[in-house]
Amino acid sequence: MITMPAKRPPVPLSRERIIEAALHIADSQGLRRLTMRRLGDALQVEAMAIYHHLPRGKEALMDALAEHVTAVHVEQGPTWQETAKAWCRASRELLRDHPGVLALALTKPPKGATALAIREQVEQLADGGLDGAAEAVRALRAFVFGSVAVEVQQSGWADPEVDEWVRRDERADLDFERGLDALLKGLQT
């Protein structure tokens, strides 16, 4: 008697699974190739099933992807400078891990978890003794986003002629740390 292997039950669809699959598509094929149909195929569901978790459809998906890479939380450090460094480094890593959604991170206004994370960053820096914490967070975010944009541009990620793009670059790491130190010194005055 031939026995058939048991069929695995399907993995339930969730907002987290949708976001992870969308990030994979955006990072490997680019944001323009991310469609609800392609996402449904990747998740092995009908595209309409995604709308149950993201009722506003593609717009909600774009918001969720931007939020995923910009809602960064870190523990309060002993000084506001250490807190700012931890936040900048964590933000940079998350954005570098997902170059496919960098454009969303740069253009989508902060909402939901991102807005809460920004408020938390402002409070942490203010609690650490920094005057003008809100302006400092704006400057730090601009520095991180700009640094990552330059890194992604120079990595070859979006160049169809490049077979393998450079994910980590020691020179970029040094430039980032040097720029971060200079910015923090400027914020101290």
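About the criteria used
- Per-chain numbering applies: the sequence of each chain, read as written, is numbered from 1 onward.
- In keeping with the predicted nature of the model, local features appear solely for residues at pLDDT of at least 70, side-chain atom pairs appear and are counted solely at 80 or more, and the whole-chain, interface and lining totals rest on all residues.
- The side-chain values count all of the structure's non-hydrogen atoms but skip hydrogen atoms and water molecules.
- By the criteria applied, helices consist of DSSP H or I runs no shorter than four residues and strands consist of E runs no shorter than two, each listed in order from the N terminus.
- Throughout, exposure labels follow a simple rule: accessible area from a 1.4 Å probe, protein chains only, divided by the maximum for the residue type, with under 20% read as buried, over 50% as exposed, and the rest as partly exposed.
- The contact rule is simple, with two residues in contact once any of their heavy atoms fall within 4.5 Å.
- Areas reported as accessible are Shrake-Rupley estimates using a 1.4 Å probe. Residue values count occlusion only from the protein chains shown.
- Axis angles are defined between N-to-C directions and span 0 to 180 degrees, where every axis is a line fitted to C-alpha atoms and, for a helix, only to the segment in contact.
- Put simply, angles under 35 degrees are roughly parallel, angles over 145 are roughly antiparallel, angles from 65 to 115 are roughly perpendicular, and the rest are oblique.
- It is the rotation of the near helix from the far one that decides the hand of a crossing: anticlockwise by less than a right angle makes it left-handed, clockwise makes it right-handed.
- Two N or O atoms form a polar contact when they lie within 3.5 Å of each other; inside protein one atom must be a possible hydrogen donor and the other a possible acceptor, and for residues adjacent in sequence the pair counts only when both atoms belong to side chains.

For the protein chain, an unreviewed UniProt entry supplies the name TetR family transcriptional regulator and the organism [Actinomadura] parvosata subsp. kistnae.

Okay, the overall build of the protein chain next. Scanning the protein chain for helices and strands turns up nine helices and zero strands. Going from N to C terminus, the protein chain has its helices and strands arranged as α-α-α-α-α-α-α-α-α. Within the protein chain, the proportion of its 189 residues that are buried is 40%. Partitioning the contacts of the protein chain with sequence separation of at least 6, the portion at a separation of at least 24 is 71%. When the accessible surface of the protein chain is summed, it comes to about 11400 Å², and 54% of that surface belongs to carbon and sulfur atoms.

The subject of this paragraph is the packing of helix H8 (residues 133-155) against helix H9 (residues 170-188). Their axes nearest at 11 Å, the elements H8 and H9 cross at an angle of 165°. In this view, H8 runs roughly antiparallel relative to H9, as classed from their interaxial angle. Pair H8 / H9 crosses with right-handed handedness. Each of Ala136, Ala139, Leu140, Phe143, Val144, Ser147, Glu151 and Gln154 in H8 lies in contact with H9, whose residues at this interface are Arg171, Ala172, Phe176, Gly179, Leu180, Leu183, Leu184 and Leu187.

Right, let's talk about the environment of arginine 89 for a bit. Mapped onto the fold, arginine 89 is located in helix H5 (residues 80-97). Between the alpha carbons of arginine 89 and aspartate 173 there is a distance of 10.0 Å; along the sequence they are 84 residues apart. Ignoring sequence-local partners within four residues, the contact set of arginine 89 consists of Phe176 and Glu177. A distance of 2.8 Å separates polar atoms of two side chains, one belonging to arginine 89 and the other to glutamate 177.

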